[in-house]
Amino acid sequence: MAEPLNKPDLLPRTLTLLGSTGSIGCSTLDLVARNPGAYEVIALTAMSNVALLAEQARRFRPRMVAIGDAARYQELKDALAGTNVAVLAGPQGVVEAATHPSDWVMAGIVGSAGLWPTLAAVRRGATVALANKECLVCAGELFVREVGKFGATLLPVDSEHNAIFQVFDFDHPERVEKIILTASGGPFRSLSREEMARVTPAQAVKHPNWSMGAKISIDSATLMNKGLEAIEAFHLFPVEAGQIDVLVHPQSVIHSMVSYVDGSVLAQLGSPDMRTPIAHTLAWPDRMETPVNRLNLSEVSRLDFEQPDLERFPALRLAREALQTGGCAPTILNAANEVAVEGFLQSRIAFLKIPQIVQTVLERMGTRPLRGWDDLEQIDAEARSHATALLG
Ligand code: NAD
Ligand code: MG
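Residues numbered from 1 in each chain as written. Chains lettered and ligands numbered in written order. Predicted model: local features only at pLDDT ≥ 70, side-chain atom pairs only at ≥ 80, totals over all residues. Heavy atoms only, no water.

To continue, consider the sheet that holds strand β7 (residues 153-156). Judged by pairing direction, the sheet is parallel, and its 7 strands sit side by side in the order β4-β3-β2-β1-β5-β6-β7 without closing on themselves. Sheet topology places β4 (86-89) and β7 at the edges, where each strand pairs with a single neighbour. Sheet twist, expressed as the average angle between the axes of neighbouring strands with direction ignored, equals 20 degrees. Here 6 bridges tie strand β1 (residues 13-18) to strand β2 (residues 39-46), and the two strands are oriented parallel to one another. Opposite L18, over in β2, you have T45 as the bridge partner. Lying over the sheet, helix α2 (residues 50-60) contacts β2 and β3 (64-67), oriented at roughly 165 degrees with respect to β2. Against the sheet, helix α5 (residues 115-122) engages β1, β5 (104-107) and β6 (127-130), with an angle of about 150 degrees to β6. (Pairing = 2+ DSSP bridges. Helix = DSSP H or I, 4+ residues; strand = E, 2+ residues; numbered from the N terminus. Axes fitted to C-alpha atoms, helices over the stretch in contact; angles between N-to-C directions. Contact = heavy atoms within 4.5 Å.)

See below:
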């Protein structure tokens, strides 16, 4: 999948961070700051957090910044007065920033809003560190085809996929029996359906092991995140859908595994800190030092595993079915889920309504192939409009 970087030994490597103010973006900049001289930041983008974006720009001195919310253009411009950082705004501004040449791009925008900027980086043949799983879920083969066509390199940032990337034998994919995605089980792993019916957004965003943005935290609580990750894995690695297993592992120490025909199971382990997989992609094909807590297995003392419960967590079942169905099903699943999660975060619907809305939209829209980019935009919009109507 991934070819070596053109100039692996030439530093500084130039970087673009899409979603620099988010959890992934901030962790990336933390690593950049710890390695002075190794990386040069070219562009930073965010949706609405002007104060943080301006602070990052003053510190890392990119050539440009882009703010997705065009109404905040002047505020950002004022905040950067006296610097020579160019200011862009609106969705087009974010795409323009992604288009500007740089060696490496962090795709750290949340949701399918990240699709066009990430695609812009892919289409200039960049090395793209992919955190934004939704863009791969919603565009699937269309996205992967562009990666091949433009000679871009995709490096998985999602901890599970980064783990698999580290232990997958790309020279002998036919020797791989299964990939096993581990899942923490989220904050409601042991709750009954009755208890889940009453959970609040504040409880749902509190992940037991990882500190993440709101949307992925809710996805982790419904287990939709693991379903999105199964679809993501299908597109990133040369395996069939039936070769992708999910295993609940509450300690989040084993980040995922690959099992081979000889009975070997290779795993990548580490403390649950996204700076490890991000560092792996920042330094790839080399490695770099990070300040993450070193894994102390005698302190962890035990590792537990269990099968995911598809009755209590129907979102995972829906995502697995969408992967099997193919065509536009993952696009619909992703769009309906984004709307439902936003509805839950705004306290418009109850937690258990999230998978119900996704299921209803999938049933209403049925299946058909995903024919191209226009088709994708239409299906995505249609799914959003059905889901929005179901928010009540
Ligand atoms: P976050 O909410 O903390 O940050 C999202 C970033 O995207 C912010 O910078 C925000 O300004 C920007 N953004 C949001 N909407 C935008 C829009 N419409 N246009 C332009 N920019 C927009 O999210 P996060 O937790 O950093 O997650 C980012 C992505 O990485 C998600 O796809 C998530 O699934 C994936 N991911 C995150 C983690 C994690 O630990 N946080 C782990 C694995 C994968
Ligand atoms: Mg993950």
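Right, picking up where we left off after that structure.
So, about the nonpolar core. Among the nonpolar cores identified, the biggest contains 94 residues, and F143, I179, F237, L333 and F351 are the most heavily contacted of them. Top contributing element to this core by residue count: helix α15 (residues 329-345), with 9 residues. Ignoring anything within four residues of it in the chain, the contact list for F143 reads L115, T118, L119, V122, C135, L136, L154 and W373. Formed by 34 residues, the second largest nonpolar core is a distinct cluster that contains I24, L31, A38 and Y39. (Core = buried A, V, L, I, M, F, W, Y, C linked by side-chain atoms within 4.5 Å. Buried < 20%, exposed > 50% of the residue type's maximum accessible area, 1.4 Å probe, protein only.)

This next bit is on the coordination of the magnesium ion (ligand 2). Protein-derived ligands of the magnesium ion (ligand 2) are D158 (OD), E160 (OE) and E229 (OE), with the metal-ligand distances lying across 2.1 to 2.2 Å. Note on D158: relative accessible area 8%, which makes it buried. (Donors = N, O, S within 2.8 Å, 3.2 Å for Na, K, Ca; no water.)

The full set close to ligand 1 counts 21 residues, and T21, S23, M47, E134 and G213 are the nearest of them. T21 has a polar side-chain atom sitting 2.8 Å from an oxygen atom of ligand 1. With respect to ligand 1, the backbone of S23 contributes an N or O atom lying 2.9 Å from an oxygen atom. For ligand 1, whose accessible area on its own is 820 Å², the fraction buried by protein is 86%. Elements with a contribution of two residues or more to the shell around ligand 1: α1 (23-33) and α6 (133-149). Along the lines of polarity and charge, the residues of the shell around ligand 1 split into 10 nonpolar, 8 polar and 3 charged. For the shell around ligand 1, the two domains that each supply at least three residues are domain 1 (8-156) and domain 2 (162-271 + 305-321). (Near = heavy atom within 4 Å. Polar contact = N/O pair within 3.5 Å; in protein donor to acceptor, adjacent residues only side chain to side chain. Areas by Shrake-Rupley, 256 points an atom, 1.4 Å probe, with all protein chains shown as cover. Nonpolar A, V, L, I, M, F, W, Y, C, P; charged D, E, K, R; others polar. Domains from an automatic or database assignment.)

A separate point is the pairing of β2. The side chains of a regular strand alternate between the sheet's two faces. Most of β2 is tucked away, with 7 of its 8 residues classed as buried. Each parallel crossover has a hand, and for β1 linked through α1 to β2 it is right-handed. Both β2 and β3 contribute to a ladder of 4 bridges, which runs parallel. Looking at β3, one finds that A46 is bridged to I67. (Right-handed = clockwise from strand over helix to strand, strands pointing away.)

The next thing to look at is the pattern of salt bridges. Should the charged atoms of two oppositely charged side chains come close, the side chains can pair. Counting across every chain of the model gives 20 salt bridges. Between R34 and D30 there is a salt bridge, and its shortest N-O distance comes to 2.9 Å. Under the relative-accessibility criterion, R34 is labelled partly exposed at 46%. For D30, a relative accessible area of 25% puts it in the partly exposed group. With a closest N to O distance of 2.6 Å, D304 and R302 form a salt bridge. Accessibility expressed as a relative area gives 24% for D304, which makes it partly exposed. (Salt bridge = Lys/Arg side-chain N within 4 Å of Asp/Glu carboxyl O.)

For α5, the tally of buried residues reaches 7 of 8 residues, placing the bulk of the element in the interior. Here α5 has its buried residues at L115, P117, T118, L119, A120, A121 and V122. Check the buried side of α5 and you find it contacts β1, α4 (90-99), β5, β6, α6 and α17 (373-390).

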